[in-house]
Each structure stands twice: as C-alpha cells, then as structure tokens.
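One letter stands for each residue in the lines below.
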Amino acid sequence: MSTPRRIQRRALRADPRELPGELHPVLRRLYAARLQPGEGVDTRLASLLPTAGLHGLEAASALLAEAIQADQRILIVGDFDADGATSCALSMLALRAMGAGRVDYLVPNRFEYGYGLTPEIVELAAPREPHVIMTVDNGISSIEGVAAANARGIRVLVTDHHLPGAELPEAAAIVNPNLQGDQFPSKALAGVGVAFYVMAALRARLRALGWFDARGLSTPNLADYLDLVALGSVADVVPLDRNNRVLVAQGLERIRAGRCRPGISALLELAGRQRSRVSATDLGFAVGPRLNAAGRLEDMALGIECLLADSPDAAAPLAERLDELNRQRREIEAQMQGEALGHVEGLIAELAQGELPDALCLMDQSWHQGVIGLLASRIKERFHRPVLVFAPADERGETLKGSARSIPGLHVRDALERVATLNPGLVPRFGGHAMAAGLSLARADYPRFVAAFQAVVGESLDGDALERVLYTDGELMPDELNLELAGLLRDAGPWGQGFPEPLFDGRFDIVDARLVGGGKHLKLRLRHEQGGAVIDAIAFRAAEQGWAELDGRVRLGYRLDVNSFRGRDSVQLIVEHMEPVG
C-alpha cells in the first residue's frame, strides 16, 4: 500500500449523547462517526426490515409454492463466488426444509460457460428437465438465457442484487432491490440476502396455505441459515447498512454459539480461527477466500457441497480441499502481482512526467482469469487508482475477461456503461457494482478500450479523489490500550464495507523492532508518547512499504487487536500506516 498523503479523522455523523449510555465511551465515539442520525445500534433480529416493499416477492413466492405443491423439479443456478455459493446452499436447504422433494443446483464453470444464466447453461440444464429455474446472485442481465428457458417451457425466477441494465429479462418473477421503483429501504443486500428474503416470503405463503400442517412438517426457522447470510454478505463486500449489520451480527452470534453449518466450522478451524470468537473480519479474510478458491481455480460445486455437508466428518475433506486450492491461489496471485507491478513500473517509465494515469489497465496473456479480481484489488490498494485487469478467456486468447476495482468517487459499473454508450460494440458484456465490475472484450479492441476507459475516468474523477486519505477515529490514550477495549472492539460492529473497522492514530516510540516472516513483516515493541506500558505491534508487508528502516518516534495508523497465542490473550496493535515524526 502506498503511503497516504494525509491522515484525516472521521467526522461525527450522529450525536454521541443519543446513543446508549452503557456503551464504552470509545464505542460511542466510533458509532457516532458511522451511524446516520437516529439510526441506533440495535442488531437484534426483531429490527430486521420486513419483506414488505421488496418488489417481486409475491410472484416469486407464488411460483415456488406452486412448484413445491406440484412436486416439480426446481433447479438453482448460482454464481461461482462466495455470495453465489452461500445463496445456493441457503436456497437448497430452505426449499428442502419446506418440502421441496426435487431440488438441485447447477453452477456454471467460469472457464467454460462464463457468468450467469446463458443459453448455453439452459442447454446444459435441459437434460435435468427442470420446471423452474431459480437464479441466485445472477440473472438480472440474462436476457438471452431467460428467453432460451422460456422457449423450452421452463419458468424462471431471477433473484439478484446486481444493477440492472436498460432491458430486463422476461422472467416469470424478478426479485432485486435495485430494480427501478423498488421501495425496499436496503439497496445493499447481497445475493444471499435476497435469497433469504425470498425464502422468508415463501415460508409465509406456505404457512398461510396450511402446507406445513397438512404435510406434518415443522415450520423451518430461517434464522438457522443466517450463518450463510453473514458469510456471503461479508465475502461479497456489500455495504453494511443497518439491515445488513443485523443479518451479519445475527449470523455471527449463531456461529459463535456453534449453531452453524459444519462446513463453516471446518473452514474456520483450518484457518486457525476460534469459532467462539469469530468476527466479520474472519469471515472476510479467512473463510471467504477459501470458499472462493473453488470457483477461481476449479468448480464452485466443491464449495457448495462443503456448505451443504451435514456433519463434521462429511465437511472435513471438502474443507481441506478448499484450503489446498486457496494455497494454490495465493501462489498464482503472488506471481501475477509481481508481473503486474513490473507492468506498472514500465507504464510509469513511458509517461513524460513519470506519474500514473487516472486509471490502470493491465493485461497479460499468461494470467489466470480466476484470479484477476484479486489482482485488481491488490493493485488498487497499492496505487489508489481504479484498476482493470484482463486475462485470456480462452486458449486462443481472442477474447479477454476483465475485472475492475474502483476507489471512492468512481462508480465503475457506470463508467463501463459510459464507455459502451460512447463506443457501440466495444464492450459486448459488462455488469457489477459501484466498486467492482466485470466485462468481456475482444483482444483486438484492448488498446481502444484502454484509451476510452481512461478518458471516461479522467472526466469523472477530480484530483482530490486520487489523493490517498487515511481516515482514523482519533487517538487512544495509554490507559485505553488494554485487553478489555480490544475485546469490545472485536465483538462490536459488525465492521465491514461502509461501516469500517476502527482505526486509530497516535505517536509512539519504537522500543525495538525486528523483521519476521522471511523479512516481509515487522514485529515491534512500542510505548505511547505519553508513557504507559510497552505494547506489542505487527506491521504486515512492512519491508515493501519502507517502514523497516524507521526508528525513534513514529506516527501510526493502527487497529487495536487481541492476540491469542498458546491459550493466552494479549493486546497487539495491527499497524496500517507508519511515518516518521520530524
């Protein structure tokens, strides 16, 4: 990560005096900087938004209820990431619990079929003779795929959260909070969140029809699936608005209590995380990547089967394979990142002023298309620029797959739409969100696309957006650097996209420092400039940041963390930024 040009402390949005008095003063300050006025900190399940207002639920629940009552075949078509996998697993489990006797899933192999419900996927699904196809975490742009299903007499229910285009598929029902005119207050639901609401509406309909009593079925408790909702929401990096915080907090509560899928427990164990103390960060950085590795390198069916496993013995070998794939993914990513940095250095050398353009587009014929999204994220973090990374989509290399990651100030999906509008035929397929998107491109059109994309970004971004700013929550005093507060911060929140994990700044004297992890990371012992006890700290990737040479007094941006080692808890600072004090 490049050095921030300035540190800025977060402004308070809400009045701290309106928050519960029993909150720790530091927590009250943190919440006041993140909550909207009058929003509150309640994450009880009772505060979850009701289904009313989410357009399409009436038609969706009617379609699924009819299929269940008639014992029709339901086929779930998912995406090949963690959000898609959790959406698929949740829908499978809930439909089975509600009496669906013939429900199955199909996840396109990204290397053969690409993304979403395409005509080719409908052709692949046809031998299974589904009466209903339900898409999860995809489908809103599947115009041709839905038409192909309709032509075969297969009814389609689209459940998605991606931004729709100008034309919608002619599905029997569509549920997406981002549809124009949809009144649902939370537009930030992940695909698994949308699936959860669809299942809630279906349960209500079947209960009203007397279905459960007539069949002698127990009415399923959908809260039992909130571990999946929490995992998919955090892994997909959707903004944690109030409704998503409720979903994630309740899912974390169930995981900590041991009421979660055996596959999630197995992945946490392999990652060295304590289930009883799991945080949103653990889901995002430990479980999510292992689950995503299946879709990136092989087939997401492996991840879905891990989530569907009904016992620890069944889950263990699947989780171990996911862990192995994740190690392979890290090796591939490390090689690609080194090559990408070489490309960027060459780009800088070519420019007259030696400065980066407003957007970075990188392509290499040897890169793995399953890892380009991760690479785009790493390069974006390092250079604070919107980044698009491309890799060949097939062996001939005539088509490229691209993955985009953006910075605050640029809605990257809208930027791609602008490029497509100004250059008809240049971008045959694209989709995504404000901060992440994907696209397809003819290899021969790559130079023209780069010029068009950089021009659009240059028009959209001002100079301030390209300045890296480190937002912090102010200082902690020496007596606040304690285990109690570190534990409170870990268990509060939940923290994530749009509701960032607490980050503090302050001045410390380096007592001693040494490189660890093969010379990559810096282990420190520090003392606050105002005194107090010596405290441990770790700065990851310190060598590449140039921090290993610093000594004396430094200004840090840091997180207050609990370090658990050999059954003993201690306070540790996780250093995110380090600069000398002149």
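Report follows, based on the coordinates. This one's a predicted model, so the numbers in the text were calculated from it and none came from an experiment.

**Examining the sheet that holds strand E7 (residues 360–363)**
- With mixed pairing, the 5 strands of this open sheet are ordered in space as E7-E8-E9-E11-E10. Looking at the sheet topology across the chains shown, the edges are occupied by E7 and strand E10 (429–432). Neighbour to neighbour, the strand axes of the sheet diverge by 15 degrees on average, direction disregarded.
- As defined by bridge partners, strand E8 (residues 387–392) adjoins strand E9 (residues 399–405) across 6 bridges and the pair is classed as antiparallel. Residue pairing for E9: Pro392 is matched across the bridge by Leu400.
- Taken strand by strand, helix H14 (residues 372–383) contacts E7, E8 and E9, and its axis lies near 45 degrees from that of E9.

**Remarks on the sheet that holds strand E13 (residues 504–516)**
- If you trace the 5 strands once around the closed barrel, you get E13-E14-E15-E17-E16, paired in mixed fashion. On average, each strand axis in the sheet is inclined to that of its neighbour by 45 degrees, with strand direction left out of account.
- For strand E15 (residues 535–539) and strand E17 (residues 568–580), the ladder comprises 3 bridges, and the chain directions are parallel. Looking at E17, one finds that Asp536 is bridged to Gln572.

**Let's talk about the nonpolar core**
- Residues Met199 and Leu560 are the most contacted members of the largest nonpolar core, which totals 143 residues.
- Sorting elements by how many residues they give to this core places helix H6 (residues 191–208) first, with 11 residues.
- Sequence-distant contacts of Met199, defined by excluding residues within four places in its chain, comprise Leu64, Leu90, Ser91, Ala94, Leu95, Met98, Met134 and Leu222.
- Counting 29 residues, the second largest nonpolar core, distinct from the first, contains Val412, Phe449, Val450 and Ala452.

**Quick look at the packing of aromatic side chains**
- A full pass over the atoms with the stated rule returns 10 aromatic pairs.
- Plain terms: the ring middles of Phe184 and Tyr197 are 5.1 Å apart, the flat faces sit at 75 degrees to each other, and that makes the pair edge-to-face. Of the two residues, Phe184 is situated in the loop between strand E6 (173–175) and H6 and Tyr197 in helix H6; the sequence distance between them amounts to 13 residues. Note on accessibility: Phe184 and Tyr197 belong to one class, buried.
- In this structure an aromatic cluster arises from ring pairing among Phe390, Tyr446, Phe449 and Phe453.
- A cation over an aromatic ring shows up here: Arg245 above the ring of Phe499, its NZ or CZ 4.1 Å from the ring centre.

**Re the pattern of salt bridges**
- Scanning all chains against the criterion turns up 35 salt bridges.
- Between Arg448 and Asp445 there is a salt bridge, and its shortest N-O distance comes to 3.9 Å.
- Taken together, the salt bridges that share partners define one network made up of Arg9, Glu475, Asp505 and Arg555.

**Re the packing of helix H10 (residues 262–270) against helix H11 (residues 280–297)**
- One way to put it is that H10 packs onto H11 with a least axis distance of 9 Å and a crossing angle of 105 degrees. Overall, the two elements H10 and H11 adopt an arrangement that is roughly perpendicular. Contacts between H10 and H11 pair Leu267, Leu268 and Leu270 from the former with Asp282, Val287 and Arg290 from the latter.
- Taken together, the residues of the contact of H10 with H11 sort by class into 4 nonpolar, no polar and 2 charged.

**Describing helix H8 (residues 226–235)**
- Judged by how many residues are buried, H8 sits mostly within the fold: 10 of 10 residues are covered.
- Elements in contact with the buried residues of H8: helix H3 (82–97), H6, helix H9 (242–256), H10, H11 and helix H12 (301–308).
- Count one or two residues on from H8 and you reach Val237, which has phi positive near 55 degrees.

**Examining H14**
- Helix length check: H14 (12 residues) gives 16 Å between terminal C-alpha atoms against 16 Å at 1.5 Å per residue, within 8%.
- Those residues of H14 that sit buried are Ile372, Gly373, Leu374, Leu375, Ala376, Ser377, Ile379 and Phe383.
- Elements in contact with the buried residues of H14: H11, helix H13 (312–350), E7, E8 and E9.
- Count one or two residues on from H14 and you reach His384, which has phi positive near 50 degrees.

**Observations regarding unusual backbone geometry**
- A cis amide bond, omega -5 degrees, links Gly493 with the succeeding residue Pro494.
- Relative to the helices and strands, Pro494 is located in the loop between helix H17 (483–491) and E13.

**Quick word on the packing of H3 against H12**
- With their axes 9 Å apart at the nearest point, H3 and H12 run at an angle of 45 degrees to one another. As judged from the angle between their axes, H3 and H12 are oblique. For the pair H3 and H12, the crossing hand works out as right-handed. Residue-level inspection shows Ala85, Thr86, Cys88, Ala89, Met92 and Leu93 of H3 in contact with H12, the latter providing Ile304, Leu307 and Leu308.

**Brief notes about the environment of Arg396**
- Tracing the sequence through the fold places Arg396 in the loop between E8 and E9.
- The exposed category is assigned to Arg396, whose relative accessible area is 67%.
- Through-space distance from the C-alpha of Arg396 to that of Gln365 is 9.9 Å; in sequence the pair is 31 residues apart.

**Some points on the side chain of Arg245**
- Mapped onto the elements of the fold, Arg245 is located in helix H9.
- Among the polar contacts listed, one links the side chain of Arg245 to the side chain of Glu39, at a separation of 3.5 Å.
- The contact partners of Arg245, leaving out residues within four places of it in the chain, are Leu35, Glu39, Gly40, Thr43, Leu240, Gly493, Pro494 and Phe499.

**Digging into the environment of Arg413**
- Among the secondary structure elements, Arg413 is positioned in helix H15 (residues 412–422).
- Separated by 20 residues in sequence, Arg413 and His433 place their C-alpha atoms 5.5 Å apart.

**Regarding the pairing of E15**
- Within E15, 4 of the 5 residues are buried, which leaves the element mostly enclosed by the surrounding structure.
- Of the pairings in the sheet, the one linking strand E14 (residues 521–528) to E15 comprises 5 bridges and is antiparallel in character. From the neighbouring strand, Leu526 faces E15, where its bridge partner is Ile535.
- Between E14 and E15, which follow one another and run antiparallel, lie 6 residues, and Gly531 among them has a positive phi close to 105 degrees.

**Some points on the environment of Gln365**
- Within the element layout of this structure, Gln365 appears in the loop between E7 and H14.
- When the C-alpha atoms of Gln365 and Arg443 are compared, they prove to be 9.9 Å apart, with 78 residues separating the residues in sequence.
- Ignoring any residue separated from it by four or fewer positions in sequence, one finds Gln365 in contact with Pro392, Gly397, Leu400 and Arg443.
- Among the polar contacts listed, one links the side chain of Gln365 to the side chain of Arg443, at a separation of 3.2 Å.

What counts as what
- Residues numbered from 1 in each chain as written.
- Predicted model: local features only at pLDDT ≥ 70, side-chain atom pairs only at ≥ 80, totals over all residues.
- Heavy atoms only, no water.
- Pairing = 2+ DSSP bridges.
- Helix = DSSP H or I, 4+ residues; strand = E, 2+ residues; numbered from the N terminus.
- Axes fitted to C-alpha atoms, helices over the stretch in contact; angles between N-to-C directions.
- Contact = heavy atoms within 4.5 Å.
- Core = buried A, V, L, I, M, F, W, Y, C linked by side-chain atoms within 4.5 Å.
- Buried < 20%, exposed > 50% of the residue type's maximum accessible area, 1.4 Å probe, protein only.
- Phe/Tyr/Trp six-rings, centres within 6.5 Å; stacked < 30°, edge-to-face > 60°.
- Lys NZ or Arg CZ within 6 Å of the ring centre and 35° of its normal.
- Salt bridge = Lys/Arg side-chain N within 4 Å of Asp/Glu carboxyl O.
- Parallel < 35°, antiparallel > 145°, perpendicular 65-115°, else oblique.
- Nonpolar A, V, L, I, M, F, W, Y, C, P; charged D, E, K, R; others polar.
- Expected span 1.5 Å × (residues − 1).
- Left-handed = near helix turned anticlockwise from the far one by under 90°.
- Polar contact = N/O pair within 3.5 Å; in protein donor to acceptor, adjacent residues only side chain to side chain.

Shape is all these values report; function is a separate question.
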